[in-house]
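Understanding the architecture of this molecule
So the chains spell out like this:
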Amino acid sequence: MDLSKLSLIFKIIIIGIIYIIIFLALRIMYKDIKNGGKRPRNKNRKSFGLEIVSAGNNSNLRKGGVIPIRGEITIGRKNDNLLILDDPYASGYHARVYMKNNDCILEDLGSTNGTLLNDQGVKGRQYLNAGDEIRIGSTSFKVIG
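Reading guide: rules and limits
- Sequence order as written defines residue numbering, which begins from 1 separately in each chain.
- Only residues with pLDDT of at least 70 are given local features in this predicted model, and only at 80 or more are side-chain atom pairs given and counted; all residues enter the totals for whole chains, interfaces and linings.
- Calculated side-chain values reflect all of the structure's heavy atoms, with hydrogen atoms and water omitted.
- Strand pairing follows a simple DSSP-based rule, namely that at least 2 bridges must link the two strands.
- Helix and strand definitions here come from DSSP, where helices need a minimum of 4 consecutive H or I residues and strands a minimum of 2 consecutive E residues; each element is numbered from the N-terminal end.
- Any residue under 20% of the maximum accessible area for its type is buried, any over 50% is exposed, and the rest in between are partly exposed; the area is computed with a 1.4 Å probe on protein chains only.
- In a helix, the anticipated span is given by 1.5 Å times the number of residues less one.
- Here, nonpolar core means buried Ala, Val, Leu, Ile, Met, Phe, Trp, Tyr and Cys residues that are tied together by side-chain atoms lying within 4.5 Å of each other.
- Working rule for contacts: check all heavy atoms of both residues, and any pair within 4.5 Å makes them a contact.
- By definition, no residue in a patch forms a salt bridge, and every one has over 30% relative accessible area; like charges are joined within 9 Å, nonpolar side chains (Val, Leu, Ile, Met, Phe, Trp, Tyr) within 5 Å.
- Using a 1.4 Å probe, accessible areas were evaluated by the Shrake-Rupley method; residue-level cover was limited to the displayed protein chains.
- Note on definitions: salt bridges are taken to be side-chain nitrogens of Lys or Arg within 4 Å of carboxyl oxygens of Asp or Glu.

Looking at an unreviewed UniProt entry, the chain carries the name FHA domain-containing protein FhaB, with the source organism given as Clostridium magnum DSM 2767.

What follows is the structure, encoded as structure tokens:
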């Protein structure tokens, strides 16, 4: 076989690969333009939040405010919590609320005075439903979603 024929075959293959790459890039750009740059949203995904029912002694919270739950929220007196409570009955790391799959879960982190869910003490993890009330010290939240 002649090397010039082999060289011609390689040139055709490389040009074909380049055209395939250009085609795929244009297809991706078309989809982005068509969707307006937005990702498709999972319609089955629930969204939860904590509505402040009673702010207690906390100056950083106001009654009726809503804290959206995206991922995980840690609650306590220490400054590295996402939701800081200025309450003498709240522990440094009191509780956390997080999403797992499509469920919202409340977990007491071994707090001294406990976490109440619908006026019942929480031991470990509890699944949350819309309308549930969480109380930590003098602060209370209502689960919305």
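1. Section: the sheet that holds strand β11 (residues 139-144)
Paired through backbone hydrogen bonds, the strands of a sheet run either parallel or antiparallel to each other. The strand order across the open sheet built from six strands is β2-β1-β11-β10-β7-β8, with neighbouring strands paired in antiparallel fashion. Taken across any chain shown, the strands that pair with only one partner, and hence form the sheet edges, are β2 (66-69) and β8 (120-121). Relative to β11, strand β10 (residues 133-136) is paired through four bridges, and the arrangement is antiparallel. Among the inter-strand pairings, E133 is bridged to a residue of β11, identified as K142.

2. With respect to the sheet that holds strand β6 (residues 103-108)
With respect to topology, five strands assemble into an open sheet ordered β4-β3-β5-β6-β9, the strand pairing being mixed. Strands with a single pairing partner mark the edges of an open sheet, and in this sheet they are β4 (83-84) and β9 (125-128).

3. Let's talk about the pairing of strand β5 (residues 95-100)
Across a regular strand the side chains alternate sides, sitting on one face of the sheet and then on the other. Counting buried residues along β5, five of its six residues qualify, which places the element largely inside the surrounding structure. Examined bridge by bridge, strand β3 (residues 72-76) and β5 share four bridges and lie antiparallel to one another. Pairing of I73 across the sheet is with V97, part of β5. One ladder, built from six bridges, connects β5 with β6; its direction is antiparallel. The partner of A95 across the bridge, within β6, is D108.

4. Details of helix α1 (residues 3-34)
The end-to-end C-alpha separation of α1 is 47 Å, in line with the 46 Å expected for 32 residues at 1.5 Å each. Following α1 by one or two positions, G36 has its phi on the positive side, about 70°.

5. A few points about the nonpolar core
Buried together is how nonpolar side chains tend to be arranged in soluble globular proteins. Ranked by internal contacts, the top residues of the largest apolar core, which has 24 residues, are V97, I134 and F141. Elements that contribute at least two residues to this core include exactly β1 (48-54), β2, β3, β5, β6, β10 and β11. Those residues within four positions of V97 in sequence are excluded, and the remaining contacts are L50, I69, G71, E72, I73, I75, C104, I105, L106, L128 and I134.

6. Let's talk about a nonpolar patch on the surface
A grouping of L3, L6, I9, F10, I13, I17 and I21 is seen on the molecular surface, where their side chains present a nonpolar patch of about 680 Å² in accessible area. Note on I13: relative accessible area 45%, which makes it partly exposed.

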